[in-house]
Amino acid sequence: MKDNELIAKALAELERLKAEHGFVRLDLEPGVLLAVLGALQLAMRHPDFKQRPSYVTVAKVIEDIHGHLGRYPALMDLLRRGGIEEYDEEELDG
């Protein structure tokens, strides 16, 4: 299957999924959620990602998840640090 055919079929399947279920909900353990958020934050920092169509969607997902974690200040601080370049190579100080 050629790339353009695969993309067309995948887009059709996304529309079918949306029609059948509306939303896809995930149940994640908190540690898994933190790992997924970290991976998303890392993707957002890639220099070419800001030009991608999915950039705005991923930013919205991160913002929505942050909204659910607002009652947990240490987690929020840790997540905020994921967007700061100075923490990229720094080792934890214990």
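Look up a bit, the structure's there.
A quick note: this is a predicted structure, and the numbers were derived from the prediction, not measured.

In terms of nonpolar packing, the biggest core is built from 9 residues, these being Leu37, Met44, Phe49, Val58, Ile62, Ile65, Leu69, Met76 and Leu79. Breaking this core down by element, the ones donating at least two residues are helix 2 (30-45), helix 3 (54-68) and helix 4 (73-81). At 3 residues, the largest contribution of residues to this core is made by helix 3. Those residues in contact with phenylalanine 49 that sit more than four places away from it in its chain are Ala43, Met44, Ser54, Tyr55 and Val58.

What follows is about helix 3. Over its 15 residues, helix 3 runs 22 Å from end to end, which matches the ideal 21 Å to within 8%, given 1.5 Å per residue. The complete set of buried residues in helix 3 reads Val58, Ile62, Ile65 and His66. Buried positions in helix 3, seen along its axis, are confined to an arc of 105° and lie on one side of it. Exposed side chains of helix 3 directed beyond 90 degrees from the buried face belong to Val56, Thr57, Glu63, Gly67 and His68.

All told, the structure shown has 3 salt bridges when counted by the stated rule. Of the charged contacts, one joins arginine 16 and glutamate 20 as a salt bridge, the two residues approaching to 3.3 Å between their closest N and O atoms. With a gap of 4 residues between them, arginine 16 and glutamate 20 both fall in helix 1 (residues 3-21), about one helical turn apart. Judged by relative accessible area, which is 48%, glutamate 20 ranks as partly exposed.

On to the packing of helix 2 against helix 3, then. Close contact between helix 2 and helix 3 brings their axes to 10 Å; oriented N to C, the two are set at 145°. In this structure, helix 2 crosses over helix 3, and the sense of that crossing is left-handed. Contacts between helix 2 and helix 3 involve Leu33, Leu37, Leu40, Gln41 and Met44 from the former and Tyr55, Val58, Ala59, Val61, Ile62, Ile65 and His66 from the latter. Of the residues assigned to the contact of helix 2 with helix 3, the class counts are 10 nonpolar, 2 polar and no charged.

Another aspect to go through is the packing of helix 2 against helix 4. The N-to-C vectors of helix 2 and helix 4 enclose an angle of 25°; their axes lie 10 Å apart at closest approach. Accordingly, the angle class assigned to the pair helix 2 and helix 4 is roughly parallel. The hand of the helix 2/helix 4 crossing is right-handed. Contact with helix 2, carried on its side by Leu34, Leu37 and Gln41, involves Leu75, Leu78 and Leu79 of helix 4 and no other residues of that element. Residues of the contact of helix 2 with helix 4, tallied by class, amount to 5 nonpolar, 1 polar and no charged.

Right, let's talk about the environment of valine 58 for a bit. When you line up the elements, valine 58 lands in helix 3. In this structure, the C-alpha to C-alpha distance between valine 58 and leucine 26, residues 32 residues apart in sequence, is 15 Å.

So, how was this worked out
- Residues numbered from 1 in each chain as written.
- Predicted model: local features only at pLDDT ≥ 70, side-chain atom pairs only at ≥ 80, totals over all residues.
- Heavy atoms only, no water.
- Core = buried A, V, L, I, M, F, W, Y, C linked by side-chain atoms within 4.5 Å.
- Buried < 20%, exposed > 50% of the residue type's maximum accessible area, 1.4 Å probe, protein only.
- Helix = DSSP H or I, 4+ residues; strand = E, 2+ residues; numbered from the N terminus.
- Contact = heavy atoms within 4.5 Å.
- Expected span 1.5 Å × (residues − 1).
- Arc of directions from axis to C-beta.
- Salt bridge = Lys/Arg side-chain N within 4 Å of Asp/Glu carboxyl O.
- Axes fitted to C-alpha atoms, helices over the stretch in contact; angles between N-to-C directions.
- Left-handed = near helix turned anticlockwise from the far one by under 90°.
- Nonpolar A, V, L, I, M, F, W, Y, C, P; charged D, E, K, R; others polar.
- Parallel < 35°, antiparallel > 145°, perpendicular 65-115°, else oblique.

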